[in-house]
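Structural characterization, general
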Amino acid sequence: MASNHHKIKILETIRQGQIGGGESHVLDLVSNINKDEFEPIVLSFTEGPMVERLQNLGIKTYVVNTLKPFNLSTYNAVKKIMKEEEIDILHAHGTRALSNTIFPARALGLPIVYTVHGWSFHQDQKFPARRVRELSEKFLTDHVDLTISVSNSNQRDGLTRFNMKRSRVVNYGVDLIRFNPDRELKDIRHELGIKEGKTVVGYLVRMTVQKDPFTLVRAVAEVAKTTRDMQFLFIGDGDLKEQAIQLAYDLGIADMINFLPFRTDIPEVLNTFDIYTLPSLWEGLPIGMLEAMAMRKAIVATPVDGTKEAIKHGENGLLVPCHDHVALAEALVSLHNNKQQREIFGKAAQMTAHQTFDLKMMVANNESIYREFIKQQILAA
């Protein structure tokens, strides 16, 4: 039952305090939700810059430290937060967050909403590991009240494997005021030491297996055979970063790549790019790419999951096969040589972002879902 306090209290849970796609989504959702009607409270399972940002925004945020899924030792701490805060709805973002909140939420009879930011199983896993992940997702989706997918592709994958009793697609949304290329933005090319006349290719990610940095480094080596008038910005951290740096040195193209740490001035960074590239092996729906689209950038990406729903090859960007560094290099060089085509793709990408991936629509869709659950509880009372 919904408690007697005036506002609807939502516990938004996320697996970590680092900034990534799911974490950015939670930040956007809780920052922009109607505070007159809803009170969002965030539970993260690690510390990190996201937690600091939330606290600076005045959003009440808890941290229960664990890196493990289905960690029953967190049960009492999580249940205590839910009870003391008189939570009305649990909204879990991602598998690990849900696995560590589902049992106390069920014990308290809370409605549970599960947003899938890309399934935990994917094609690069060996069969035993993939099967365990699929069974875990089946268990979780069987025991929630609504499963939200961020892309149609993710929803289809879920429906073909599980009996998701209730599912809905809610695309990510981009803050189109913040990510507006026509507003005054600091030019950071000089700060980064980029020479005049260079075509800047941006890769703004956590460097993990999913984002496949090695294929992009090899593509840079392929590009170098044709031109050295392109500069690549690898911005972000991640467990493959050091190996990617070493590979760049081994291939003799380290001078063509700036490896930079994660930055928070994302609009300024995106404004520096001529081309945004994302050679991912799987995705839910990449928020960074949507932000680049809103910033009117030409996109070169791989045709995975939500990416291929946002990017139509030859219309608002280019799609190349996964793991194919030669095709990736050819696409990047073709856009380097054709500024007019870059501008055409950029304008079309921006139009797609405005029509389909507006932050206001995403927030409104989530608010509607929360209201629906509270209404059901009142009717059931």
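You'll find the structure just up there.
Attention here is on the structure that accompanies the text. Since the model is a prediction, treat every value here as computed from it, not as a measurement.

**Some details on the packing of aromatic side chains**
Evaluated as defined, the whole model comprises nine aromatic pairs. A centroid spacing of 5.3 Å and a plane angle of 70° characterise the contact between W119 and F162, whose relative ring orientation is edge-to-face. Of this pair, W119 sits in the loop between β5 (112-116) and α6 (127-142) while F162 sits in the loop between α7 (152-161) and β7 (167-169), placing them 43 residues apart in sequence. Accessibility expressed as a relative area gives 5% for W119, which makes it buried.

**Considering the sheet that holds β7**
Taken in spatial order, the seven strands of this open sheet run β3-β2-β1-β4-β5-β6-β7, and their pairing is parallel. Each edge of the open sheet carries a strand with a single partner, namely β3 (61-63) and β7. For this sheet the average axis-to-axis angle between neighbouring strands, irrespective of direction, equals 20°. Note: strand β1 (residues 8-14) against strand β4 (residues 89-93), five bridges, orientation parallel. Within β4, the residue paired with I10 across the bridge is I89. Of the strands in this sheet, β1, β2 (38-44) and β4 touch helix α1 (residues 21-32), which is tilted by about 165° from β1.

**A closer look at the pattern of salt bridges**
Taken as a whole, this structure holds 21 salt bridges when the rule is applied. Between E283 and K211 there is a salt bridge, with the nearest N and O atoms lying 2.6 Å from each other. Of this pair, E283 sits in the loop between β11 (275-278) and α11 (287-294) while K211 sits in the loop between β8 (199-204) and α8 (213-224), and the two are 72 residues apart along the sequence. For the pair E283 and K211, a shared accessibility class is recorded, and that class is buried.

**So, the packing of α1 against helix α2 (residues 49-56)**
One can describe the packing of α1 onto α2 by two numbers: an axis separation of 11 Å at closest approach and a directional angle of 5°. Relative to α2, α1 is oriented roughly parallel. Contacts between α1 and α2 pair E23, L27 and V30 from the former with M50, R53 and L54 from the latter. Broken down by class, the residue content of the contact of α1 with α2 amounts to four nonpolar, no polar and two charged.

**Focus on a nonpolar patch on the surface**
A surface patch of nonpolar side chains, amounting to about 270 Å² of accessible area, comprises L72, F103 and F139. Mapping L72 onto the fold places it in the loop between β3 and α3 (75-84). L72 gets classed as exposed once you look at its relative accessible area, which sits at 59%.

**Examining the sheet that holds β8**
Within the open sheet, the six strands sit side by side as β10-β9-β8-β11-β12-β13. Their pairing is parallel. Each edge of the open sheet is held by one strand with a lone partner, namely β10 (257-260) and β13 (318-319). Inspection of the sheet shows β8 paired to β11 by two bridges, in the parallel sense. Bridge pairing in β11 links G202 to Y276. With respect to the sheet, helix α14 (residues 339-356) is in contact with β8, β11, β12 (298-301) and β13, its orientation differing from that of β12 by roughly 90°.

**Re α7**
Among the residues of α7, S153, N154, Q155 and G158 are the ones counted as buried. In this fold, the buried residues of α7 make contact with β5, β6 (146-149), β7 and α12 (307-310).

**With respect to the environment of L270**
Relative to the helices and strands, L270 is located in helix α10 (residues 266-272). L270 sits 255 residues away from R15 along the chain, and the two C-alpha atoms are 27 Å apart. Look past the residues within four positions of L270 in its chain and what remains in contact with it is F179, L204, Y276, E291, A292, M295 and K297.

**Comments concerning unusual backbone geometry**
In this model, E86 sits at a positive phi of 50°, which is unusual for a non-glycine residue. Here E86 lies in the loop between α3 and β4. Accessibility expressed as a relative area gives 41% for E86, which makes it partly exposed. In this structure, R296 takes a positive phi of about 65° despite not being glycine. Residue position: R296 is located in the loop between α11 and β12. On the basis of relative accessible area, R296 is assigned to the partly exposed category, the value being 29%.

**Overview of helix α15 (residues 359-380)**
Compared with an ideal rise of 1.5 Å per residue, which puts 22 residues at 32 Å, α15 spans 32 Å between its outermost C-alpha atoms and is within 8% of the ideal. Of all the residues in α15, the buried ones are L359, M362, V363, N366, E367, I369, Y370, F373, I374 and Q377. An end-on view of α15 places all buried positions within 155° of arc, on one side of the element. Those residues of α15 that are exposed and aimed more than 90 degrees away from the buried face are K360, K375, I378 and L379. A side-chain oxygen of the first residue of α15 lies 3.0 Å from the backbone nitrogen of K360; this N-cap is D358.

Cut-offs applied
- Residues numbered from 1 in each chain as written.
- Predicted model: local features only at pLDDT ≥ 70, side-chain atom pairs only at ≥ 80, totals over all residues.
- Heavy atoms only, no water.
- Phe/Tyr/Trp six-rings, centres within 6.5 Å; stacked < 30°, edge-to-face > 60°.
- Helix = DSSP H or I, 4+ residues; strand = E, 2+ residues; numbered from the N terminus.
- Buried < 20%, exposed > 50% of the residue type's maximum accessible area, 1.4 Å probe, protein only.
- Pairing = 2+ DSSP bridges.
- Axes fitted to C-alpha atoms, helices over the stretch in contact; angles between N-to-C directions.
- Contact = heavy atoms within 4.5 Å.
- Salt bridge = Lys/Arg side-chain N within 4 Å of Asp/Glu carboxyl O.
- Parallel < 35°, antiparallel > 145°, perpendicular 65-115°, else oblique.
- Nonpolar A, V, L, I, M, F, W, Y, C, P; charged D, E, K, R; others polar.
- Patch = residues over 30% accessible without salt bridge, like charges linked within 9 Å, V, L, I, M, F, W, Y side chains within 5 Å.
- Areas by Shrake-Rupley, 256 points an atom, 1.4 Å probe, with all protein chains shown as cover.
- Expected span 1.5 Å × (residues − 1).
- Arc of directions from axis to C-beta.
- Polar contact = N/O pair within 3.5 Å; in protein donor to acceptor, adjacent residues only side chain to side chain.

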